[in-house]
Amino acid sequence: MGDPDDDEPLRPLNWNLLTGEEAESEWLDLNAWVHWLRTTYGLPPTVIPPYWHRHDELVWELSALHLHWLNSYDPEGTPAGPFAWHRDFAEARNRLRDWVSTCGTRLDRDRPTRRTAWPGENTTPQAPESVIEDREADFVQFVIDDVRARRHTEDRVRTDL
């Protein structure tokens, strides 16, 4: 999706509908861009934490911001695109801070985002906090697991047809 040599127009990205192959490509593109973003702008882990990939709310926000950046810096785009992106980036940083604060991930520790059960729903036990030892190794394993799960779903759908 983010390939500048690709002639397909940019489109919104719905993580829920990606195949395993599409997801793998998108994860790698997004990860590279998030790394560039956090280092270029000196963003602290209160805005982009190491385990952002393990929190859906951060994935969706960063993915939307990435797509907006690609569109704003398209060579055929308007010269005002980068200015608009920076304005929206300022708003997105505030939302990212809120998401990080709510989900509880930090520089050196992470826990899954807590989900509140509504009346009548089964409660799920809260997962404990874990120490972040190797962010890159975790990301690679996360992508492998995600792609495997998506391919398994694809296989089940094919056999059910």
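Residues numbered from 1 in each chain as written. Predicted model: local features only at pLDDT ≥ 70, side-chain atom pairs only at ≥ 80, totals over all residues. Heavy atoms only, no water.

Enquirer: How do you make sense of the packing of helix H1 (residues 20-40) against helix H2 (residues 56-72) when you look at a structure like this?
Expert: When two helices pack together, their arrangement is given by the angle between the helix axes and the distance between those axes. For the pair H1 and H2, the least separation of the axes is 10 Å and the interaxial angle reads 80°. Our classification of the angle between H1 and H2 gives roughly perpendicular. In this structure, H1 contributes Trp-27, Asp-29, Leu-30, Trp-33, Val-34, Trp-36 and Leu-37 to the contact, and H2 contributes Val-59, Leu-62, Ser-63, Leu-65, His-66 and Trp-69. Of the residues contributing to the contact of H1 with H2, the split by class is 10 nonpolar, two polar and one charged. (Axes fitted to C-alpha atoms, helices over the stretch in contact; angles between N-to-C directions. Helix = DSSP H or I, 4+ residues; strand = E, 2+ residues; numbered from the N terminus. Parallel < 35°, antiparallel > 145°, perpendicular 65-115°, else oblique. Contact = heavy atoms within 4.5 Å. Nonpolar A, V, L, I, M, F, W, Y, C, P; charged D, E, K, R; others polar.)

Enquirer: Honestly, the nonpolar core in this entry has me stumped. Any pointers?
Expert: Nonpolar side chains tend toward joint burial in soluble globular proteins. By size, the foremost hydrophobic cluster in this structure holds 29 residues, and its most contacted members are Trp-27, Trp-33, Leu-37, Ile-48, Trp-52 and Leu-62. At the level of secondary structure, the elements contributing two or more residues to this core comprise H1, H2, helix H3 (81-103) and helix H4 (135-160). With near-sequence residues (within four places) excluded, Trp-27 lies in contact with Trp-15, Trp-52, His-53, Val-59, Phe-139, Phe-142, Val-143 and Asp-146. (Core = buried A, V, L, I, M, F, W, Y, C linked by side-chain atoms within 4.5 Å. Buried < 20%, exposed > 50% of the residue type's maximum accessible area, 1.4 Å probe, protein only.)

Enquirer: Mind showing me how you'd approach the packing of aromatic side chains here?
Expert: For any two aromatic rings, the description comes down to two numbers: the centre-to-centre distance and the angle of the planes. Tallied over the entire structure, the rule returns 13 aromatic pairs. The interplanar angle of 40° and the centroid separation of 4.4 Å between the aromatic rings of Trp-15 and Trp-27 together place this pair among those described as tilted. Of the two residues, Trp-15 is situated in the segment before H1 and Trp-27 in helix H1; the sequence distance between them amounts to 12 residues. This pair shows no difference in class: Trp-15 is buried, exactly as Trp-27 is. On the basis of an interplanar angle of 45° and a centroid distance of 6.0 Å, the ring pair of Tyr-41 and Trp-85 is categorised as tilted. Within this pair, whereas Tyr-41 is found in the loop between H1 and H2, its partner Trp-85 is found in helix H3, the two being separated by 44 residues in sequence. Tyr-41 gets classed as partly exposed once you look at its relative accessible area, which sits at 31%. Here a set of aromatic residues connected by ring pairs shows up, and it is made of Trp-33, Trp-36, Tyr-41, Trp-69, Tyr-73, Trp-85 and Phe-89. The lysine or arginine in question, Arg-93, covers the ring of Phe-89, its NZ or CZ lying 4.6 Å from the ring centre. (Phe/Tyr/Trp six-rings, centres within 6.5 Å; stacked < 30°, edge-to-face > 60°. Lys NZ or Arg CZ within 6 Å of the ring centre and 35° of its normal.)

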